[in-house]
Amino acid sequence: MSYPEHLSYPEPRYHGDKGEVNAVFRPSDTPADLSSPGGSTHYLATHASTGGEFGLYKAELGPRSAGARTHFHKAMSESFYVLSGELELYDGEKWVTGRAGDFLYVPVGGLHAFKNVTDEPTSMLMLFSPGAPREEYFERVAEMTRRGGEELTEFRVRHDSYFVD
């Protein structure tokens, strides 16, 4: 394969000559950071731990989990990688069934949604870029949805989540 002679990489952000010891390892048996009757979420790489570069979360949805209705983000892209089970993914035009190994990338502004319509659990990775402090959103979305009204609207806007009703 032929590659262009002048590839474009981002500007360096590390300016040392020897490298650093700064990697972060998270064992697979680390308990979920958030658990609810509908599933659990593992905070693999947060806005804080990546310096805002990206956020990576493992979400496990129980059978018949509602997931998230159609929405978009103004400041970040969102990607989904199905680890196990089946996950219904809305790509802005149609629902597709994602299975282990399937991937959906949603650019900034792209309509998307997801849900588990099966009687089996499903597991996926969600990647947000650039990273945003999504932990509060995951931890409080159920409570804020119950409250509703202006409080819910402000919560969603603060977390860059614009739902299409």
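Fair warning: this is a prediction, and the values are worked out from it, not measured in the lab.

Caption draft 1: Geometry of helix H3 (residues 149–158). Looking at H3, one finds that the buried residues are Leu152, Phe155 and Arg156. One side of H3 holds all its buried residues, which, seen down the axis, span an arc of 95°. Along H3, exposed side chains directed more than 90 degrees from the buried face belong to Glu150 and Arg158. For H3, the secondary structure elements touched by its buried residues are strand S4 (68–72), helix H2 (135–147) and strand S11 (162–163). Positioned one or two residues after H3, aspartate 160 has a phi angle of 50°, which is positive.

Caption draft 2: Local environment of the pairing of strand S2 (residues 39–45). Along S2, six of the seven residues are buried, which leaves the element largely enclosed by surrounding structure. Two strands pair when backbone bridges link them, and strand S1 (residues 34–36) and S2 are joined in this way by three bridges, in the antiparallel orientation. By the bridge assignment for S2, serine 35 is matched with serine 40. What sits between S1 and S2 in their antiparallel hairpin is a turn of two residues. Note that S2 and strand S3 (residues 55–61) share six bridges and pair antiparallel. Across the sheet, the residue bridging to threonine 41 is alanine 59, located in S3.

Caption draft 3: Geometry of the sheet that holds strand S10 (residues 122–129). The antiparallel open sheet is built from six strands, whose spatial order is S1-S2-S3-S10-S5-S8. Single-partner strands in this sheet number two, and they are S1 and strand S8 (103–106). Shown here is a sheet whose adjacent strand axes are inclined to one another by a mean of 15°, direction ignored. Where S3 and S10 come together, seven bridges link them in antiparallel fashion. Its bridge partner lying in S10, tyrosine 57 is registered against methionine 126. Contacts from H2 reach S1, S2, S3 and S10, with the element oriented near 165° to S2.

Caption draft 4: Geometry of the packing of H2 against H3. Running from N to C, H2 and H3 point in directions that differ by 160°, and their axes come no closer than 8 Å. The angle between H2 and H3 falls in the class roughly antiparallel. Between H2 and H3 lies a crossing whose hand is left-handed. Across the interface between the two elements, Glu136, Tyr137, Arg140, Val141, Met144, Thr145 and Arg147 of H2 pack against Gly149, Glu151, Leu152, Phe155 and Arg158 of H3.

Caption draft 5: The pairing of strand S7 (residues 95–99), seen in detail. Bridge count for strand S6 (residues 86–90) against S7 is five bridges, and the pairing is antiparallel. Across the sheet, residue leucine 89 finds its bridge partner in S7, namely valine 96. Between S6 and S7, which pair antiparallel and follow one another directly, the connecting turn spans four residues, one of which, glycine 92, has a positive phi of 100°.

Caption draft 6: Seen up close, the sheet that holds strand S9 (residues 112–115). Taken in spatial order, the five strands of this open sheet run S7-S6-S9-S4-S11, and their pairing is antiparallel. Across the chains shown, the open sheet's two edge strands, defined by having one partner strand only, are S7 and S11. Where S4 meets S11, two bridges bridge the pair, whose relative direction is antiparallel. Bridge pairing links histidine 71 to phenylalanine 163 in S11.

The rules behind the values
Residues numbered from 1 in each chain as written. Predicted model: local features only at pLDDT ≥ 70, side-chain atom pairs only at ≥ 80, totals over all residues. Heavy atoms only, no water. Buried < 20%, exposed > 50% of the residue type's maximum accessible area, 1.4 Å probe, protein only. Helix = DSSP H or I, 4+ residues; strand = E, 2+ residues; numbered from the N terminus. Arc of directions from axis to C-beta. Contact = heavy atoms within 4.5 Å. Pairing = 2+ DSSP bridges. Axes fitted to C-alpha atoms, helices over the stretch in contact; angles between N-to-C directions. Parallel < 35°, antiparallel > 145°, perpendicular 65-115°, else oblique. Left-handed = near helix turned anticlockwise from the far one by under 90°.

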